[in-house]
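# Observations on the three-dimensional arrangement
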Amino acid sequence: MWPELVASPLFGIALTMAVYLLAQILYQRIGSAWANPALVAIVTIILLLKGGGIAYRDYARGGDLLLFLLGPSVVALAVPLYQRRADLWLHKRPILIGIFAGSLVSILSASGLAWLLDGSRAVILSLAPKSVTTPIAISISAKIGGVAPLTAALVVLTGCLGAVCGPQFCRRIGIRSAAATGLAMGTAAHGIGTARMFEINRLAGAVAGLAIGLNGLMTTFLLPLLIYLTGL
Amino acid sequence: MVRGLTLLLSFQLCGEILSRLIGLPVPGNVLGMGLLLIALMVGWVQIKWFEEAAEMLLSNMTLFFVPAGVGVMVYGDLIAAEWLPITVATVVSTFVVMAVTGKLAQKLEAEESNDVA
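In this report, we go over the structure that sits alongside the text. (Residues numbered from 1 in each chain as written. Chains lettered and ligands numbered in written order. Predicted model: local features only at pLDDT ≥ 70, side-chain atom pairs only at ≥ 80, totals over all residues. Heavy atoms only, no water.)

## So, helix H2 (residues 9-30) of chain A
Stated formally: Secondary structure is summarised from DSSP: a helix means a run of H or I of at least four residues, a strand means a run of E of at least two, and numbering begins at the N terminus for each. The span you would expect from a helix comes to 1.5 Å times its residue count less one. Residue burial is assigned from relative accessible area. The probe radius is 1.4 Å, only protein chains are included, and a residue is buried under 20% of its type maximum, exposed over 50%, and partly exposed in between. Note: the arc covers the axis-to-C-beta directions of the helix. A contact between two residues is defined here by any heavy atoms of the two lying within 4.5 Å.
An ideal rise of 1.5 Å per residue puts 32 Å on 22 residues; H2 of chain A measures up with 31 Å between its terminal C-alpha atoms. Those residues of H2 of chain A not exposed but buried are Phe11, Gly12, Leu15, Thr16, Val19, Tyr20, Ala23 and Tyr27 of chain A. Taken end-on, H2 of chain A shows its buried residues confined to a sector of 140°, consistent with a single buried face. For H2 of chain A, exposure combined with an orientation more than 90 degrees from the buried face picks out Leu10, Leu22, Gln28 and Arg29 of chain A. Looking at the buried side of H2 of chain A, the elements it contacts are helix H1 (2-6), helix H3 (37-51), helix H4 (56-68) and helix H12 (178-200) of chain A together with helix H4 (61-70) of chain B. One or two residues past the end of H2 of chain A sits Gly31 of chain A, with phi positive at roughly 75°.

## Brief notes about the side chain of Ser177 of chain A
When you line up the elements, Ser177 of chain A lands in the loop between helix H11 (148-172) and H12. Filtering out sequence-adjacent residues up to four positions away, Ser177 of chain A remains in contact with Gln106 and Glu109 of chain B.

## Focus on the pattern of salt bridges
Rules: The salt bridge definition used is simple: a Lys or Arg side-chain nitrogen within 4 Å of an Asp or Glu carboxyl oxygen.
Counting across every chain of the model gives 7 salt bridges over all chains. Arg84 of chain A is paired through a salt bridge with Asp87 of chain A; the nearest N and O atoms lie 3.5 Å apart. According to the relative accessible area criterion, Arg84 of chain A is partly exposed, its value standing at 28%. By relative accessible area, which is 29% here, Asp87 of chain A ends up partly exposed. The salt bridge partner of Glu199 of chain A is Arg196 of chain A, with a shortest N-O separation of 3.1 Å. Residue Glu199 of chain A and its partner Arg196 of chain A are located together in helix H12, separated by 3 residues, close to a single helical turn. Taken together, the shared-partner salt bridges connect Arg93 of chain A together with Lys107 and Glu111 of chain B into one network.

## Quick look at the interface of chain A and chain B
How we decide: Two parts placed together each lose some accessible area under a 1.4 Å probe, and adding up what both lose gives the buried area. Nitrogen and oxygen atoms within 3.5 Å of one another constitute a polar contact, given that in protein one can donate a hydrogen and the other can accept it, and given that sequence-neighbouring residues count only through two side-chain atoms. Classes in brief: Ala, Val, Leu, Ile, Met, Phe, Trp, Tyr, Cys and Pro nonpolar; Asp, Glu, Lys and Arg charged; the others, Gly included, polar.
On the chain B side, the residues contacting the 96 residues of chain A number 68 residues. Considering only the side of chain A, the residues that lose the most area to chain B are Tyr56, Val75 and Tyr82 of chain A, jointly responsible for 8% of the buried surface there. Counting every contact that joins chain A to chain B gives 2 salt bridges. Measuring nitrogen to oxygen at the nearest pair gives 3.8 Å for the salt bridge that ties Arg93 of chain A to Glu111 of chain B. Inspection of the chain A/chain B interface yields 10 residue pairs in polar contact (both at pLDDT 80 or more). In terms of residue count, helix H8 (residues 92-116) of chain A provides more of the side of chain A that touches chain B than any other element does, 13 residues in total. For the side of chain A that touches chain B, a count of residues per class yields 64 nonpolar, 25 polar and 7 charged.

## Comments concerning unusual backbone geometry
Residues and elements named next belong to chain A. In the Ramachandran plot, Asp118 falls in the positive-phi region, its phi being about 70° despite a non-glycine side chain. By the secondary structure assignment, Asp118 is in the loop between H8 and helix H9 (121-127). Of note in the backbone geometry, His190 takes a positive phi value of approximately 35° without being a glycine. For His190, the position within the fold is in helix H12.

## Quick look at a nonpolar patch on the surface
For clarity, the threshold we go by: Any residue with relative accessible area above 30% and no salt bridge may belong to a patch, with like charges joined within 9 Å and the nonpolar Val, Leu, Ile, Met, Phe, Trp and Tyr side chains within 5 Å. Note that accessible areas follow from Shrake-Rupley with a 1.4 Å probe, and for residues the cover is restricted to the protein chains shown.
Taken together, the side chains of Trp115, Leu116 and Leu117 of chain A together with Trp83 and Leu84 of chain B make up a nonpolar region of the molecular surface, amounting to roughly 570 Å² of accessible area. Residue assignment for the nonpolar patch shows that the elements contributing at least two residues are H8 of chain A together with helix H6 (83-116) of chain B. Summarising the element assignment, Trp115 of chain A is placed in helix H8.

As structure tokens, this is what we get:
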């Protein structure tokens, strides 16, 4: 009975939602950014699966259904963008230049550091699109010769790091404007950073959402060009 | 709610079709976002059809990322073998990108409001 239940999509969905719900309650109780519900839920689920000897394949049957909802969520980002279009248009120059710089710095710093530290070609290429939203990063990574699932993992780790430390880090280095904070979070930490921004400020969330799409587009074009130029 | 979700999925589908037609590694959902934005601007669709479904999806976006993160467990060996470049590059690069993007945008924003004033 047990293996049959574990292999059904119900298991992955119920486990993910239950652990996430508990992680959210924990986050509200503790109030520390380190108790980020995504991070806590991911670590807890991995430990539970490992502890219970459950294969990732079995978990993914349900997990993938939740992951699917990321698709329409990205489409839905058009709604806050449309609602805030006047604000965004007003700040179009800082937004576009900021995202362009962030996209370039992200590719160069991630792959450059990995190269300096003797990372393999597969790891360097998998790291290059790490600040881009999961669906775009996976497509880019596969196209340029990275390991797509490793990229997916690095994207989520980057997002968690940004969501956990980002708002405080931005305040500490003197970024006060909501739009600039949202832009930094969306460009560096894609959807997870954006989800965090929506908790704090709607305008910052809308800007972060715009940054996801634009950073994804810019990286799509910049990365193949940079690989061609550096001959990697 | 059903209308909003159906339309969001339809825009995603149009984005997927477009993505295949142009042959670039731009995912269909991002193109779908662009198409929906255009449709809203042009007035083909009304924002109120989408508000409820968008709010439901966007306020729970973090949950949908959890299964992607759990996928890390499959790559434990590769991550263990190259943990140093992976960790340093991920952590340092994330903060550098945030600092550069945020600082630059804030500076340009301040210059603009000075120009206006």
